[in-house]
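Secondary and tertiary structure notes
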Amino acid sequence: MMTEQALRESEQRYRGLTESSPDAIYLCAPDGRVLFANRAASEMMRMSPTAIAGSEQEKLFKAEDAKRHIATIRRICESGESFMTETPEKLKDSEIWVDTRLVPLKDSQGQVTAVLGISRDISQRKRIEAALRESEENFKAVAENALDGIVVVDENGKILYANRRLADIASYTVDEVLNLSVDELAHPDERNRVVGFARARANGGSAPNRYESTVISKSGDHVPIEISATKTTWRGKPASLGI
């Protein structure tokens, strides 16, 4: 097992790399204790980083969630394999949806000594998905007030819906965007990949739900973006929702 000194050294290495990240990043011991949490994690938990560090899962989460977290960490330590999930998390005074990736950290002998976690609040995406399931009108009411760009595309990459923020990112009007397809917005090096993801997702295939890409704006500027995507239905047909 990793010694306390080694754990502290590991924590120090990751601290410098994680404080600027918008995602919650944390390091857990095999027993579930939190060894380190970055600023984004403390903001998500509404606790100071020092209050989180050293805490057991039971102190941070409700009993049912803490038990699930510990079981997952132990399974990762035993298997040595990474784990990804989207789950609702009950915090002190709220419930949020998070997209979480857990990665085993191994020593020189290949033994898992800690688990690195990266979590992102995807509550807005879940609200948008729910609104789209209820009705197109509800979806548009939510999407038009969102701070993120939102797009719905069909299996061939044709843009079916885009909110005002998405149009602003690409320096187009909404009407102009609706006359485009994803491959016309994507950087030439990204076109096949992005359209392939949309096609696979709409048809129920495998595609990452989060990835980075580059948009070519109307003026020709390269705009780096990060996309969170999921399968949806638009006017009765399979489609892909991107935020």
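For the structure, check the block above.
A brief structural summary. (Residues numbered from 1 in each chain as written. Predicted model: local features only at pLDDT ≥ 70, side-chain atom pairs only at ≥ 80, totals over all residues. Heavy atoms only, no water.)

1. What to know about the packing of aromatic side chains
The description of an aromatic ring pair uses the distance of the two centres, along with the angle that the planes make with each other. Counted only if it meets this: Note on ring pairs: Phe, Tyr and Trp rings are taken, using the six-membered ring of Trp, and paired if centres are within 6.5 Å. Classes follow the plane angle, with under 30 degrees stacked, over 60 edge-to-face and the rest tilted. Here a helix means four or more residues in a row that DSSP labels H or I, a strand means two or more in a row labelled E, and each is numbered from the N terminus. Whether a residue is buried, partly exposed or exposed follows from its accessible area with a 1.4 Å probe, protein chains only, as a fraction of its type maximum: under 20%, in between, or over 50%, in that order. Two conditions define a charge sitting above a ring: the NZ of Lys or the CZ of Arg must be within 6 Å of the ring centre, and it must be within 35 degrees of the ring normal.
Enumeration according to the criterion identifies four aromatic pairs in this entry. Measuring from ring centre to ring centre gives 4.9 Å for F197 and Y211, while their planes differ by 65°; the resulting arrangement is edge-to-face. On the criterion of sequence distance, the pair formed by F197 in helix α11 (residues 191–202) and Y211 in strand β8 (residues 210–216) is long-range, its members being 14 residues apart. Like Y211, F197 is buried. Across the ring face of F83, the terminal group of R75 is positioned such that the distance to the ring centre comes to 5.4 Å. Here the basic side chain of K126 rests over the ring of W97, its NZ or CZ set 4.5 Å away from the ring centre.

2. Quick word on the packing of helix α6 (residues 123–134) against helix α7 (residues 136–143)
The criterion, for reference: Interaxial angles span 0 to 180 degrees and are taken between N-to-C directions of axes, which are lines fitted to C-alpha atoms, for helices over the stretch in contact. Oblique is the label for any angle not under 35 degrees, not over 145, and not in the 65 to 115 range, which are roughly parallel, roughly antiparallel and roughly perpendicular in turn. Rotating anticlockwise by less than a right angle from the far helix to the near helix defines a left-handed crossing, while the corresponding clockwise rotation defines a right-handed one. Should any heavy atoms of two residues lie within 4.5 Å, those residues are counted as being in contact.
Between α6 and α7, whose axes approach to 5 Å, the crossing angle comes to 150°. Between α6 and α7, the angle falls in the class roughly antiparallel. Considering how the two elements wind past one another, α6 and α7 form a crossing that is left-handed. Only N138, F139 and V142 of α7 make contact with α6, whose side of the interface consists of I128, A131, L132 and E134.

3. Some points on the sheet that holds strand β4 (residues 95–106)
We apply this condition: At least two bridges found by DSSP between two strands is the condition for calling them paired.
Taking strand neighbours across the sheet as the criterion, the five strands line up as β2-β1-β5-β4-β3 in an open arrangement whose pairing is antiparallel. Every other strand in the sheet has two partners, leaving β2 (34–37) and β3 (83–90) as the edge strands with one partner each. Taken pair by pair, the neighbouring strands of this sheet meet at an average axis angle of 25°, ignoring direction. As paired elements, β4 and strand β5 (residues 112–121) share nine bridges and run antiparallel to each other. Across the sheet, the residue bridging to T100 is S119, located in β5. Across the sheet, helix α5 (residues 63–79) touches β1 (24–28), β3, β4 and β5, and the angle it forms with β3 is around 165°. Taken strand by strand, α6 contacts β3, β4 and β5, and its axis lies near 130° from that of β4.

4. With respect to the side chain of T230
Tracing the backbone shows T230 in strand β9 (residues 222–234). For T230, a relative accessible area of 18% gives the class buried. Residues within four places of T230 in sequence aside, it is in contact with R125, E129, R201, A239, S240 and L241.

5. Some details on the pairing of strand β10 (residues 237–242)
Bridge analysis of strand β6 (residues 151–153) against β10 gives three bridges, and the strand direction is antiparallel. Its bridge partner lying in β10, V151 is registered against G242. By the bridge criterion, six bridges tie β9 to β10 in an arrangement that is antiparallel. If you follow T232 over to β10, its bridge partner there is A239.

6. Points about the sheet that holds strand β7 (residues 159–162)
Taken together, five strands build an open sheet; the order of strands is β7-β6-β10-β9-β8 and the sheet is antiparallel. Across the chains shown, the open sheet's two edge strands, defined by having one partner strand only, are β7 and β8. Strand after strand, the sheet turns through a mean of 35° between neighbouring axes, direction not considered. Along the sheet, α6 makes contact with β9 and β10, crossing β9 at roughly 40°.

7. Examining the pairing of β8
Most of β8 sits inside the fold, with five of its seven residues counted as buried. Sheet analysis places β8 next to β9, joined by seven bridges and oriented antiparallel. Residue pairing in the sheet places T214 in a bridge with P224 of β9.

8. Describing the pattern of salt bridges
Condition: Put simply, a salt bridge is a Lys or Arg side-chain nitrogen that is within 4 Å of an Asp or Glu carboxyl oxygen.
With the rule as written, the count across this model stands at 15 salt bridges. Residues R68 and D65 are paired through a salt bridge, measuring 3.0 Å at the closest nitrogen-oxygen approach. Residue R68 and its partner D65 are located together in helix α5, separated by three residues, close to a single helical turn. Using a relative accessible area of 31% as the deciding quantity, one classes R68 as partly exposed. Of the residues examined, D65 reaches a relative accessible area of 6% and is grouped as buried.

Function cannot be read off these values alone, since they describe shape.
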